[in-house]
Protein chains: 2
Amino acid sequence: MCGRVIVVPVLNPLALEAWSRNTPLDGLNLNRVFPGRANGSITHRIADAVSRVLLPMADTVFDLHSFGPKWDCLPAATTHPIADPDLMARTVRMAEAFKLPLTLVWPHNDTAGMFDITAQNQGKVFVCSEFGGGTVGADNLAIYEAGVRNALIALGLVEGKADYPIFRHQSFAQTLETRLSDELKSPAPGIFEPRCSVLDEVKQGDLIGILHSMNSLSAESIDIRAPETSIVLAIASGAHVDANKVVAYVARPLKI
Amino acid sequence: MCGRVIVVPVLNPLALEAWSRNTPLDGLNLNRVFPGRANGSITHRIADAVSRVLLPMADTVFDLHSFGPKWDCLPAATTHPIADPDLMARTVRMAEAFKLPLTLVWPHNDTAGMFDITAQNQGKVFVCSEFGGGTVGADNLAIYEAGVRNALIALGLVEGKADYPIFRHQSFAQTLETRLSDELKSPAPGIFEPRCSVLDEVKQGDLIGILHSMNSLSAESIDIRAPETSIVLAIASGAHVDANKVVAYVARPLKI
C-alpha cells in the first residue's frame, strides 16, 4: 500500500449497539448534526471530532452505509448533487470507481446536518455507499470489500486490477439519477405488497406494488405504478406504511 | 375450490403497524400469551378469540411468519417436536407439502404461550412458515404463495399440480432438524461478521463468522466455527450482538 488510509470501523458505537440511527443517550442522528459542537452532547461531539480532526487529514472520504431495515436496495455508490461542477464530476468518477452495480445521484431534500455537506465544504470528494436492508450478509460484505478495493486502486493506494463484483450472478455497473418525482409514495396508510424487485426495468404504467387498507375490509386496494420507463433501485419491504411515505425509488440514466 | 379456507391477513394489526413483535398498547407478544384471556388486555383478547372462535373451525392451521429483521433465513415450513407421534408425522407431512426449500423441525425451548401449542392441544395440524428478514419482497411473496398453493393442493382444497418454488435460481426441498447444540452463540458482545450464507454446507471447523470486540482495539477477534457437518439455515445480519446470543442456526437431516 502506498499512502495513508484511515479506517473508522464504527462512527457511532452506541447507535450501532442499539441498531438505531439515533444515539440512545441523546436521541440524535449523527448524520443530522454535522459539523457538530465540541460542547454539545455525545452525538454532537462525535461529529465535531470527525469534522475538525479526521476530515482535514483526508482528501477523499468513503461513508459505508447500509440502507434501512424495511428496504431492499441495490448495492450503490451514491452522491447528492453538488453545486461545484468540478467537485461533482470528480465525485461521480470516484463513485463509479467502486464498480458497484449502481452509481447513483439522488436529490438532497435540503436535509441539514449531513456528513457529506461538511466534507464537501472542506473540498473533499465524498462517496456514500448504500446496501439493502440495514444488515450485513456475507454476500454483501464481499461486494463492499471489492468496491472499496476498486476505489483504492483508482486512487493509486493499492496495486491490482479493479473487477466488477458479482451481484445476483451478474457483473455490471450503471450510473443513474433519481429525481424527486422518482420517489413513489403511498397514497394512504396500509400494507404495501411489493410486486417488483430491485434491478427490474419498468415501463410507464407497470405495477410497482399494491397498497392494501388495514382500516376497512371493503376498501379497494390501490395499485402503485411506474410513472415512466425506469429502473427499480429500492423498494419497501416492511409491510406497513404510513400515508405519503416513499415505497419505491426508481431511477433513470444520469445526464450531467 | 372445495372446502373452506379462513384467511386472516394480520392477527395483530397494531404490532404490524409498529413493526414490532409486541403490541404497543400493552407491550405483549401475541405468540407468548396463548390461549389468551377474554378479560385480559388487547393481546390476550386477540389470542382468546383465535383460540375459542377460529381454531375450533379449522382442521389445519398455517401461521405465515417472517423471521427477525436482523436475520437472513431460508424459506422454511417449520414445526417444533410434538409429543404425539401421529400428530408429529402428520404435521411434518403437511409442512413438506409446502415444498419450500426447507422443512424444519426445531427445538422448543419450553417457551410458554405459543400459538402452536394451543392448536396442537386441540388436535390440529399446525405449520409455521419462516422467511428471512422480518420483511416482504416480491421474490419471497411468490415463494410463499406457491407454498400455500402446494399445501392447499395436498389438502384437496384446490386442484392443480404442486411445484417446487424457485429460490435463488434453484428448485429443491430438504427436511432438516436443529438441536439445541446447533444454535451457535456469540462468546462475547461485539460486531458479528457473517462469513457464510444460508444454504451453505459446512464441515466441522468451517468458519461461520467472526466476532469483533467493540470494547477494545487490541482484543483478538473470535472465530465461530461449525461444530460438525451441517447446513446453514439462518445467520445473524444485524452487526452488533450481545454475549451468548444465537448468531447462526445450522441443521442436519431429520431422523424421526
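Everything quoted here is computed from the prediction, not taken from an experiment. (Residues numbered from 1 in each chain as written. Chains lettered and ligands numbered in written order. Predicted model: local features only at pLDDT ≥ 70, side-chain atom pairs only at ≥ 80, totals over all residues. Heavy atoms only, no water.)

## Notes on the overall build of chain A
- The helix and strand tally for chain A stands at five helices and 14 strands.
- Relative to the globule expectation of 18 Å for 256 residues, the C-alpha radius of gyration of chain A, 19 Å, shows essentially globular dimensions.
- The dimensions of chain A, computed from C-alpha atoms along their principal axes, are 65 × 45 × 35 Å.
- Considering chain A as a whole, with its 256 residues, one finds that 47% of them fall into the buried category.
- Taking contacts inside chain A between residues at least 6 apart in sequence as the whole, the part at least 24 apart equals 68%. (Helix = DSSP H or I, 4+ residues; strand = E, 2+ residues; numbered from the N terminus. Rg over C-alpha atoms; globule rule 2.2 N^0.38 Å. Buried < 20%, exposed > 50% of the residue type's maximum accessible area, 1.4 Å probe, protein only. Contact = heavy atoms within 4.5 Å.)

## Looking at the interface of chain A and chain B
- Between chain A and chain B, the residue contacts involve 27 residues of the former and 27 residues of the latter.
- Taken over both partners, the interface formed by chain A and chain B buries close to 2200 Å², and the fraction arising from carbon and sulfur atoms is 68%.
- On inspection of chain A and its partner chain B, the count reaches zero salt bridges.
- Scanning the region where chain A abuts chain B turns up four residue pairs in polar contact (both at pLDDT 80 or more).
- Classifying every residue of the side of chain A that touches chain B by side-chain character gives 15 nonpolar, seven polar and five charged. (Buried area = accessible area lost by both parts, 1.4 Å probe. Salt bridge = Lys/Arg side-chain N within 4 Å of Asp/Glu carboxyl O. Polar contact = N/O pair within 3.5 Å; in protein donor to acceptor, adjacent residues only side chain to side chain. Nonpolar A, V, L, I, M, F, W, Y, C, P; charged D, E, K, R; others polar.)

## A look at helix α2 (residues 42-54) of chain A
Residue and element names in this part refer to chain A.
- Helix length check: α2 (13 residues) gives 17 Å between terminal C-alpha atoms against 18 Å at 1.5 Å per residue, within 8%.
- Among all positions in α2, only T43, H44, I46, A47, D48, V50 and S51 are buried.
- For α2, the secondary structure elements touched by its buried residues are α4 (115-121). (Expected span 1.5 Å × (residues − 1).)

## Considering helix α5 (residues 138-154) of chain B
- Compared with the 24 Å implied by 1.5 Å per residue over 17 residues, the 24 Å span of α5(B) between its first and last C-alpha is a close match.
- When α5(B) is considered as a whole, its buried residues turn out to be B:A138, B:N140, B:I143, B:Y144, B:G147, B:N150, B:A151, B:L152 and B:I153.
- Next to the buried residues of α5(B) lie β8 (190-194) of chain A together with β1 (60-64), α3 (85-97) and β5 (125-130) of chain B.
- After α5(B) finishes, the residue B:G156 shows a positive phi value of roughly 75°.

## Some thoughts on the relation of the copies chain A and chain B
- Of the transformation placing chain A onto chain B, the axial shift is 0.0 Å and the rotation is 180°, giving an RMSD of 0.0 Å. Seen this way, the second copy is the image of the first under a two-fold rotation axis. Minimal C-alpha separation from the rotation axis in chain A is found for A:P69, amounting to 3.5 Å.
- Comparing contact sets, 100% of the residues at the interface of chain A also lie at the interface in chain B, consistent with an isologous, same-surface contact. (Least-squares fit on C-alpha atoms with pLDDT ≥ 70 in both.)

## Topic: the nonpolar core
- With 53 residues, the main nonpolar core has A:F192, A:I208, A:L233 and A:I235 as its most contacted residues.
- Summarising the domain contributions, this core has at least three residues from each of domain 1 (58-177) and domain 2 (181-253) of chain A.
- Counting 51 residues, the second-largest nonpolar core is a separate cluster that includes B:I82, B:F98, B:V202 and B:V246. (Core = buried A, V, L, I, M, F, W, Y, C linked by side-chain atoms within 4.5 Å. Domains from an automatic or database assignment.)

## Things to note about the domain arrangement of chain A
All names here are of chain A.
- In terms of domain boundaries, chain A breaks down into domain 1 (58-177) and domain 2 (181-253).
- Contact residues are listed per partner, giving 18 residues for domain 1 and 19 residues for domain 2.
- Carbon and sulfur atoms supply 67% of the area that domain 1 and domain 2 bury against each other, a total of about 1500 Å² over both sides.
- Area buried by domain 1 at its contact with domain 2 is led by W71, L176 and E177, which between them contribute 37% of it.

## Considerations on the packing of aromatic side chains
Residue and element names in this part refer to chain A.
- Per the stated rule, a full pass over the model turns up 18 aromatic pairs over all chains.
- For the ring pair F62 and F98, a centre distance of 4.8 Å and an interplane angle of 70° mean the geometry is edge-to-face. Highlighted residues: F62 in strand β1 (residues 60-64) and F98 in the loop between α3 (85-97) and β4 (102-105), separated in sequence by 36 residues.
- Residue classification places F98 among the buried residues on the basis of a relative accessible area of 0%.
- Each residue in the set F67, W71, W106 and Y249 is aromatic and connected to the rest through ring pairs, giving one cluster. (Phe/Tyr/Trp six-rings, centres within 6.5 Å; stacked < 30°, edge-to-face > 60°.)

## Examining unusual backbone geometry
- Here the residue pair A:F34 and A:P35 is connected by a cis peptide bond, since its omega of 5° sits within 30 degrees of zero.
- Considering the arrangement of structural elements, one finds A:P35 in the loop between α1 (13-18) and α2.
- Of note, the phi angle at B:A239 is positive, near 75°, even though the residue is not glycine.
- Here B:A239 shows up in the loop between β12 (230-236) and β13 (240-241).
- Assessed through its relative accessible area of 15%, B:A239 is described here as buried.

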